[in-house]
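# Examining the three-dimensional arrangement
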Amino acid sequence: MSYCDYCANLPDEDLNKIYHDTKYGFPLDDDNELFGRLILEINQAGLSWELMLKKEDNFRKAFDNFDLNKIAKYDDVKVSELMLDAGIIRNQLKIRSVIFNAAKILELKEEFLSFKAWLDAHHPLSLSEWVKLFKKNFKFVGGEIVNEFLMSTSYLPGAHLESCTIFEKMKKENLKWRE
């Protein structure tokens, strides 16, 4: 079953329905929001996406509104604080990978000026090429994490079925996957 099929009959107030209808597959241009999506995808590994949607506000608060510059400076004291925060996923490997990845994105921004520009400079790639690129640069980024991150931010097609009402809405509003 596709995410579109799953969400089609959910009530309008369901978190999955809201995410599917307003965020999933829609282009993101803000570096902090792109990174926030990556944080959620990393933390979702082994867990349900619904749990991430329920905890998104907690993640946003715990990780300084996904501010790359602040997160890259987190130290062991901050990691310890995050490990005590019941509102997020308290996995030290995931937390440390988020910090590492923030610092890496700042490095990439020195050459590409933004995380989005780095993504754009490599687009289009196949999923396997994207995975190889992400694994070369980031931590805790397996194939499924990379696939969902790129699909959810419109770098890979497939977020919505052509029969999905959101696919049609995006087409009418000229919001399309990056080609």
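Residues numbered from 1 in each chain as written. Predicted model: local features only at pLDDT ≥ 70, side-chain atom pairs only at ≥ 80, totals over all residues. Heavy atoms only, no water.

The next subject is the packing of aromatic side chains. Applying the stated criterion to the full structure yields 16 aromatic pairs. Seen from their ring centres, Y19 and W49 are 5.3 Å apart, and the 55° between their planes marks the pair as tilted. Taken together, the residues span a long stretch of sequence, with Y19 in helix 2 (residues 15–22) and W49 in helix 4 (residues 49–62) at a distance of 30 residues. (Phe/Tyr/Trp six-rings, centres within 6.5 Å; stacked < 30°, edge-to-face > 60°. Helix = DSSP H or I, 4+ residues; strand = E, 2+ residues; numbered from the N terminus.)

Here we take up the layout of surface pockets. Reported here for the largest pocket is a volume of approximately 170 Å³. Around the largest pocket sit Y3, Y19, Y24, E41, Q44, W49, E144 and E148, which together line it. Taken together, the elements giving at least two residues each to the lining of the largest pocket come down to helix 3 (31–44) and helix 10 (143–152). Split by residue class, the lining of the largest pocket holds four nonpolar, one polar and three charged. (1 Å grid on protein atoms, 1.4 Å probe; cavity = no way out; pocket = protein on both sides within 12 Å on 5 of 7 lines; lining within 4 Å. Points joined across faces, edges and corners; volume = space filled by probe spheres on them. Nonpolar A, V, L, I, M, F, W, Y, C, P; charged D, E, K, R; others polar.)

Inspection of the secondary structure puts I71 in helix 5 (residues 68–71). A relative accessible area of 0% places I71 in the buried class. Residues I71 and S97 lie 26 residues apart in sequence; the distance between their C-alpha atoms is 11 Å. Beyond its immediate chain neighbours, meaning those up to four positions away, I71 contacts F35, I39, F63, F66, V98, I99 and A102. (Buried < 20%, exposed > 50% of the residue type's maximum accessible area, 1.4 Å probe, protein only. Contact = heavy atoms within 4.5 Å.)

Let's shift gears to helix 8 (residues 115–122). When we look at burial in helix 8, the residues that qualify are F115, K116, W118 and L119. End-on view of helix 8: buried residues confined to an arc of 160°, all on one side of the axis. In this fold, the buried residues of helix 8 make contact with helix 3, helix 7 (92–112), helix 9 (127–137) and helix 10. (Arc of directions from axis to C-beta.)

This part covers the pattern of salt bridges. Side chains that differ in charge, positive against negative, can pair when their charged atoms come close. Scanning the entire structure with this criterion turns up ten salt bridges. Two residues, K17 and D21, come together in a salt bridge whose shortest N-O distance is 3.5 Å. Of this pair, K17 and D21 both sit in helix 2, four residues apart, which is roughly one turn of that helix. The two residues K17 and D21 agree in class, both being buried. Residues D120 and K116 are paired through a salt bridge, measuring 2.5 Å at the closest nitrogen-oxygen approach. Placement of the pair is D120 and K116 together in helix 8, with a separation of four residues, close to one helical turn. Connected through salt bridges with shared partners, the residues K23, E33, E56 and R60 form a single ionic network. (Salt bridge = Lys/Arg side-chain N within 4 Å of Asp/Glu carboxyl O.)

So, to be careful, I would describe these as geometric facts and stop short of saying anything about function.
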